Amino acid sequence: MDTEQMQYPVNEETDNFNALKYFLSRCVYHWPLFLIGVLITTGIAYYSLKKQKPLFESDAKVLVNDGKSAGANTALEKLNVGEVSKGIDNEIEILRSRPLVLEAVKDLNLWIQYQEIGKYYQKDVYSTAPVRFKIINKTKPVGNLYFDIIVLADNHFVLLKSDGSTLNTSFNTVLKNSFGEWMLTATKFTPDYIGKKIRINLSNPDVVASAYQNNVKVLASSTGSNLLNLSVSDEVPERGKNFLKALIDNYIVKTKENKNLAQANSLKFLNKRIAETTQELNDAERKTAGYKSSNQFTDISAKGGAYLGNVQNNDAKLAELKIQLDILSSIENFVNSSRNDNNVPVTTGITDGTLAGLVNQLSIVLQQRNKLLATTPESNPIFEPINKQIKSIKDAIKEALRGVRSSLMITKRELESNNSRFESSFKEVPAQEKEFVGLTRQKTLKEDQYLYLSQQRETIALNYASTLSDVQIVDAPHEAGMTPSKAPLVLTTAFILGLLLPAGFVYGRTALKNQIIDKREIESSTKVPVVSEINYEESNSLKSITSRNGNIFGEQIRELRTKLLHLHQNKAKGRVTLFTSSTSAEGKSFIASSLGLAIAASGRKTVILELDLRKPKISQNYGLSPEHLGISDYLSGKVTDLQKILQPSLIRPELYIIGAGTIPENPSELLENYRMQGMLDELKTQFDDILLDTPPIHLVTDAMIVADLSEVTLYIIRQGYTSKEELDFIKRISKERRLPKLNIVFNGVQNQKYGNGYHYDNSYYTQNVEKKSLKSKFKDFFSRF
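What comes next concerns the included structure. Here the structure is a predicted model, which is why all the values come from computation and not from measurement. (Residues numbered from 1 in each chain as written. Predicted model: local features only at pLDDT ≥ 70, side-chain atom pairs only at ≥ 80, totals over all residues. Heavy atoms only, no water.)

**Concerning the overall build of the protein chain**
- When helices and strands are tallied, the protein chain shows 24 helices and 21 strands.
- Relative to its 785 residues, the protein chain shows a buried fraction of 45%.
- For the protein chain, restricting intrachain contacts to residue pairs at least 6 apart in sequence, the fraction spanning at least 24 positions comes to 79%.
- Accessible area for the protein chain stands at about 41100 Å²; split by element, carbon and sulfur atoms hold 53% of it. (Helix = DSSP H or I, 4+ residues; strand = E, 2+ residues; numbered from the N terminus. Buried < 20%, exposed > 50% of the residue type's maximum accessible area, 1.4 Å probe, protein only. Contact = heavy atoms within 4.5 Å. Areas by Shrake-Rupley, 256 points an atom, 1.4 Å probe, with all protein chains shown as cover.)

Here it is in structure tokens:
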């Protein structure tokens, strides 16, 4: 048991290796398929590469402020206003965002392309365009269309219409089209293109923006660095450079707008809080003064002063906490609502950098969305990724809010505990003083709040007035040379594809074919031994057996002759061997003819009986007349003398043939005739070997009828022809023992074509190799497809 378990993986590994080896052999045989596949794929790749115009790269570098300020800006750091630490990944996505790219495309009119049309070429003339297209009144979106003009002298041009007509007009003339009114204006390069044909291509700006969005690359120069490298590839280097410049300019503007919006919201919030605090401070001052006047109160005692000093500091901290908790509530209400406007709550007073950064990021994305809404309906699929990003940021803000609120509530409980302790020590102070101390406490608290908020408002107002940008251009957009060619990668990929496609075709065709290819399929399915493998013989001639110039086929037949001796247990005389197959054209008669000749060549007297009375082939193989009296005549009683139906083979004196004779109407009944047994008994006394060539057993029952009269059965299976469904039939008749000593001959084996069987070296047997005819060479070549 253990031994079997150890051997099984080895056998499986060997089978896998053999399967791969056979598959590779089949691929080698079908080499023309692979040659054509490689030629086609590499040819298409080469044509595509030649058709592609060279691309030029434009580069730029920008430094994004990381939000870390020094010295005088500590107030802004504390409030997280104006300069929120930017996630570099977010900035990369913002730079590549569709709104910024689309704006750059529209600013530069990149959706309009100008080409000079020659007889054999089309040249992009972006840098030296002789005309400029301008829409005066657009009635509907511009689709993908083009029109051609011919530039004339005297500020004129000819418009070539799609219907073949022309229009001679001048520049700056308003023309009408399906999308509205437009005109062409001349440029300083117009005189250089007189008489030349110019094509003006108009594309959908959204489609052009998508192409640039996929083309532009924004990468951090190193991990954790705020220095961003921008690059874009374009057929015209100047156009790529201009695109990068417009993209960076738009990014700087959006950054300033976002910064100003955050600071404006902060100022609005602070002004509101200062107004509220001023009112509260005025009320506290009036109450304190009125109480002191009405009660003729002079001053606070030492104990009351000590209490007031302790509690004021604690109250100031509680007041700050209240501001922060109020801000958290406003942020929470915003993210829980369905609002997507630009009025994102400010983070003034929130010291948690993560939360402040997320709110700032949400503000940026909402600005992009709302700007896009101005020109695009909300049902447009472009909003899907933006909406997903907004939802993701809001979810992250909710998670951060829970953590910050939990921390602030702990601090609040500690401060309230301190107040309770201070108040317990103040119980012994007279009631009148106690009330006055309380009023003074409220007044001082409001004064501190007012002073704190005023200072922050002043600092933010100064920063709001600043024109400094958070983005610094380190390396202005410039040409960086030609983009590295992708030809080696494309050609290599095409070459591999040219091999994979034919390999897949060969594998698929083999898998779909329901034909027997491998000897192992036969033995594993039927449990019947394959006694011999016979190579494919193209000529169907018996010369291979008689020729002194030996070959593989002849040697395989002689090997089968030797094996037949052992199958008959070395019987000397009267051996009867039956030949059959599943269907016709499997080489049964040819194998019987060849083996009979080989046995006769060894000196044994041999006779072949042409028992396939429906389609006899043996006489034809030996060049004998089919009109000669034969088996059907003997079995029907027309001939009683066996010697009259015996024919010498004319090749070997030891070999005789008994033909089918007259084609009968009832071959099966004839074979069941008692004279059949008598004929074989008489032949056994005269011949050493008797070979019975019977019809295909799965088509007619003739072979079954004479099976009891034979001693050994050779069942012929042809490689690449016999259906796999026949294996179940063979297994059944073997199990039922309906054929004596059943053995299989695997015929028509083509080692190169199917990649299995033994690979014989023919050089040992061959002395004078016959040259293949041109017809044979063509046949072999086309068979490899």
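Structure shown, so let's carry the discussion forward.
**Considerations on a nonpolar patch on the surface**
- Together, Phe495, Ile496, Leu499 and Leu500 line one region of the surface with nonpolar side chains, adding up to about 350 Å² of accessible area.
- Its place among the elements puts Leu499 in helix H12 (residues 487–512). (Patch = residues over 30% accessible without salt bridge, like charges linked within 9 Å, V, L, I, M, F, W, Y side chains within 5 Å. Salt bridge = Lys/Arg side-chain N within 4 Å of Asp/Glu carboxyl O.)

**Quick look at the sheet that holds strand E13 (residues 471–482)**
- Taken in spatial order, the four strands line up as E11-E12-E1-E13 in an open sheet, and their pairing is antiparallel. Lying at the two open borders of the sheet, with one neighbouring strand each, are strand E11 (217–220) and E13. The mean inter-strand angle of the sheet, taken between neighbouring strand axes irrespective of direction, is 20°.
- Where strand E1 (residues 56–64) and E13 come together, seven bridges link them in antiparallel fashion. Within E13, the position partnered with Val62 by the bridge is Ile473.
- Along the sheet, helix H6 (residues 205–215) makes contact with E11 and strand E12 (227–234), crossing E12 at roughly 125°. (Pairing = 2+ DSSP bridges. Axes fitted to C-alpha atoms, helices over the stretch in contact; angles between N-to-C directions.)

**A short note on the environment of Gly180**
- Considering the arrangement of structural elements, one finds Gly180 in strand E9 (residues 180–186).
- Along the chain, Gly180 and Ile136 lie 44 residues apart, while their C-alpha atoms are 7.6 Å from each other.
- The contacts of Gly180, once residues within four sequence positions are left out, are Asn137, Thr139 and Leu175.

**Remarks on the pairing of strand E16 (residues 606–610)**
- Summarising burial for E16: five of the five residues are buried, a large majority.
- Residues Thr606, Ile608 and Glu610 of E16 are buried on one face, and the alternating residues Val607 and Leu609, pointing to the opposite face, are buried as well.
- Across five bridges, E16 lies against strand E19 (residues 689–693) in parallel orientation. Residue pairing across strands places Thr606 opposite Asp689, the latter belonging to E19.

**Here's the deal with the packing of aromatic side chains**
- According to the stated counting rule, one finds nine aromatic pairs in the structure shown.
- Between Phe147 and Trp182, the ring centres sit 4.9 Å apart and the planes meet at 35°, which makes this aromatic pair tilted. Placement of the pair is Phe147 in strand E5 (residues 145–151) and Trp182 in strand E9, with a sequence separation of 35 residues.
- For Trp182, a relative accessible area of 2% corresponds to the buried category.
- Following the ring pairs from residue to residue traces out a cluster consisting of Trp111, Phe133, Phe147, Phe179 and Trp182.
- One residue, Arg718, lies across the ring of Tyr721, its end atom 5.0 Å from the ring centre. (Phe/Tyr/Trp six-rings, centres within 6.5 Å; stacked < 30°, edge-to-face > 60°. Lys NZ or Arg CZ within 6 Å of the ring centre and 35° of its normal.)

**Points about the nonpolar core**
- In terms of nonpolar packing, the biggest core is built from 54 residues, with Phe133, Leu230 and Phe243 touching the most fellow members.
- The dominant element in this core, judged by the number of residues it contributes, is helix H7 (residues 237–294), at seven residues.
- Apart from residues lying up to four places away in sequence, Leu230 is in contact with Ser58, Asp59, Ala60, Val62, Leu95, Lys217, Val218, Leu244, Leu247 and Ile248.
- Grouped together as the second largest cluster of nonpolar side chains are 30 residues, Leu321, Leu325, Leu366 and Ile393 included. (Core = buried A, V, L, I, M, F, W, Y, C linked by side-chain atoms within 4.5 Å.)

**Quick look at the layout of surface pockets**
- If you add up the space inside the second largest pocket, you get close to 680 Å³.
- Forming the walls of the second largest pocket are 28 residues, and the residues nearest its centre are Ala585, Glu586, Gly587, Lys588 and Lys617.
- Only helix H16 (588–601), helix H17 (618–621) and strand E21 (742–749) provide two or more residues apiece to the lining of the second largest pocket.
- Ranked by residue count, the leading element in the lining of the second largest pocket is H16, at three residues.
- The residue makeup of the lining of the second largest pocket, split by class, is eight nonpolar, 11 polar and nine charged. (1 Å grid on protein atoms, 1.4 Å probe; cavity = no way out; pocket = protein on both sides within 12 Å on 5 of 7 lines; lining within 4 Å. Points joined across faces, edges and corners; volume = space filled by probe spheres on them. Nonpolar A, V, L, I, M, F, W, Y, C, P; charged D, E, K, R; others polar.)

**Notes on unusual backbone geometry**
- Non-glycine residue Asp154 carries a positive phi angle of around 60°.
- With respect to the element layout, Asp154 can be found in the loop between E5 and strand E6 (156–160).
- The residue Lys741 is not glycine, and still its phi comes out positive at about 40°.
- When you line up the elements, Lys741 lands in the loop between helix H22 (726–735) and E21.
- Taking the relative accessible area as the measure of exposure, Lys741 reaches 39% and is therefore partly exposed.

Limitation: the analysis is restricted to geometry and does not speak to function.
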